[in-house]
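Below are the chains, spelled out letter by letter.
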Amino acid sequence: MASEQTATKTRVTVPDRAPEVVAVRSPAPPGRYASASVPRHLARGAVGFGALIGSLALLPFVGPVSLLLAPVGLVALRGCPMCWAIGLMETVSAGRLRRSCVNGRCELTRAKS
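## Re the pattern of salt bridges
Logical step 1: Counted under the stated rule, the structure contains one salt bridge.
Logical step 2: Of the charged contacts in the structure, one is a salt bridge between Glu-107 and Arg-105, with a shortest N-O distance of 3.3 Å.
Logical step 3: The class for Glu-107 is partly exposed, based on a relative accessible area of 37%.

## Notes on the state of the cysteines
Logical step 1: A full pass over the atoms with the stated rule returns one disulfide.
Logical step 2: Between the sulfur atoms of Cys-101 and its disulfide mate Cys-106 the distance is 2.1 Å. Looking along the S-S bond of the Cys-101-Cys-106 disulfide, the torsion reads about 100°, which is the right-handed sense.
Logical step 3: By relative accessible area, Cys-106 is classed as partly exposed at 43%.

## Digging into the packing of helix 1 (residues 38-57) against helix 4 (residues 81-93)
Logical step 1: It is at 10 Å that the axes of helix 1 and helix 4 come closest, and there the two elements cross at 170°. In terms of orientation, helix 1 and helix 4 fall into the roughly antiparallel class. Listed contacts from helix 4 to Val-38, His-41, Leu-42, Arg-44, Gly-45 and Phe-49 of helix 1 are Pro-81, Trp-84, Gly-87, Leu-88, Thr-91 and Val-92.
Logical step 2: Class assignment for the residues of the contact of helix 1 with helix 4 results in seven nonpolar, four polar and one charged.

Cut-offs and rules
Residues numbered from 1 in each chain as written. Predicted model: local features only at pLDDT ≥ 70, side-chain atom pairs only at ≥ 80, totals over all residues. Heavy atoms only, no water. Salt bridge = Lys/Arg side-chain N within 4 Å of Asp/Glu carboxyl O. Buried < 20%, exposed > 50% of the residue type's maximum accessible area, 1.4 Å probe, protein only. Disulfide = S-S within 2.5 Å. Axes fitted to C-alpha atoms, helices over the stretch in contact; angles between N-to-C directions. Helix = DSSP H or I, 4+ residues; strand = E, 2+ residues; numbered from the N terminus. Parallel < 35°, antiparallel > 145°, perpendicular 65-115°, else oblique. Contact = heavy atoms within 4.5 Å. Nonpolar A, V, L, I, M, F, W, Y, C, P; charged D, E, K, R; others polar.

So this is what it looks like as structure tokens:
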């Protein structure tokens, strides 16, 4: 499996010269719970929450068999509703932040489009 790597700049300190400002912009690695796109993440949420709600709502009509929908909902949400919410934030913010370091001090700023 081949992975695509981006070139990064490094700061070299040379005596008698001031350190240079280095801005490194590489695509943020996807978070643990992030999806490839926001619509895909929202679709996972609809399936997950629908399955969880359906497993409880159908309980009086179908009986304990409806509880088989609960694991489907948990898999779609990647564990829990909070995990899905964290993934939504990671998906929305992916690629929108930029880290720049000056003299050993790093800051996060908005990336320019």
